[in-house]
Amino acid sequence: MNIKGQAIDKVTETFDTKKGSKTLHLMVVQDLSRPPLRNTFDYEMTPEEFTKYGASLVDKVVEFNIQGIAQNFTGRTRMSGAILKVVE
């Protein structure tokens, strides 16, 4: 599914697993499609995307190819996939 969204913030989550510490780089995104989602969602950046874009996407419109949708422990929507292009 392809969607456009505005990156609002970049968040880093670090937690311990059985195999050691893990860090996730998340982008908080406001959906710009019609009708839009009611709440913002988190997009999980891959290590390659984080290296390429870092926090430079904040306040920009980004087009995503969403391949996975899940909920985290608090019920917040988390999506994964690929960044297709930066529109603005």
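Up top is the structure.
Per-chain numbering applies: the sequence of each chain, read as written, is numbered from 1 onward. Only residues with pLDDT of at least 70 are given local features in this predicted model, and only at 80 or more are side-chain atom pairs given and counted; all residues enter the totals for whole chains, interfaces and linings. The side-chain values count all of the structure's non-hydrogen atoms but skip hydrogen atoms and water molecules.

So, about the overall build of the protein. Strands here mean DSSP runs of E at least two residues long; helices mean DSSP runs of H or I at least four residues long; both are numbered from the N terminus. Helix and strand counts for the protein come out as one helix and five strands. Radius of gyration: C-alpha atoms only; globule rule: 2.2 Å multiplied by the number of residues to the exponent 0.38. The globule rule puts the C-alpha radius of gyration for 88 residues at 12 Å, and the 13 Å found for the protein is close to it. Over its C-alpha atoms, taken along the principal directions, the protein stretches across nearly 40 × 30 × 20 Å. Between buried and exposed lies partly exposed: a residue is buried under 20% and exposed over 50% of the maximum accessible area for its type, with that area taken using a 1.4 Å probe on protein chains only. In the protein, buried positions account for 32% of the 88 residues. In what follows, a contact means two residues having at least one pair of non-hydrogen atoms within 4.5 Å. In the protein, of all internal contacts separated by at least 6 residues, the share reaching a separation of at least 24 is 52%. For the charge count, each Lys or Arg is scored as positive and each Asp or Glu as negative, with His and the chain ends excluded. In plain terms, the charge of a residue is placed at NZ if it is Lys, CZ if Arg, CG if Asp and CD if Glu. Mean positive and mean negative side-chain charge positions of the protein (12 and 11 charges, respectively) differ by 3 Å.

Grouped together as the largest cluster of nonpolar side chains are 14 residues, with contacts concentrated most on Met-27, Tyr-43, Leu-57, Phe-64 and Ile-83. Contacts of Ile-83, omitting those with residues within four sequence positions, involve Met-27, Tyr-43, Glu-49, Tyr-53, Leu-57, Val-62, Glu-63 and Phe-64. Buried residues of nine kinds, namely Ala, Val, Leu, Ile, Met, Phe, Trp, Tyr and Cys, make up a nonpolar core once their side-chain atoms join them within 4.5 Å.

Before going further, it helps to examine the pattern of salt bridges. Only one rule defines a salt bridge in this text: a Lys or Arg side-chain nitrogen within 4 Å of an Asp or Glu carboxyl oxygen. Enumeration according to the criterion identifies three salt bridges in this entry. The salt bridge partner of Glu-13 is Arg-78, with a shortest N-O separation of 3.2 Å. Taken as a pair, Glu-13 in strand E1 (residues 2-17) and Arg-78 in strand E5 (residues 77-86) lie far apart in primary sequence, 65 residues in all. Classification of Glu-13 by relative accessible area gives partly exposed; the value is 29%. Exposure remark for Arg-78: the relative accessible area of 13% places this residue in the buried category.

In this section: the side chain of Asp-31. For Asp-31, the position within the fold is in strand E2 (residues 20-31). One buried charged residue, Asp-31, remains without a salt bridge, the closest side chain of opposite sign being Arg-34 at 7.5 Å. In terms of polar contacts, Asp-31 uses its side chain to reach the side chain of Ser-33, at 2.8 Å. Within the structure, Asp-31 has its side chain in polar contact with the backbone nitrogen of Leu-37 (distance 3.0 Å). When near neighbours in sequence (up to four residues on either side) are disregarded, Asp-31 contacts Ile-3, Lys-4, Gly-5, Pro-36, Leu-37 and Phe-41. For this analysis, a polar contact is any N or O atom pair within 3.5 Å, provided that within protein one partner can donate a hydrogen and the other can accept it, and provided that sequence-adjacent residues contribute only side-chain to side-chain pairs.

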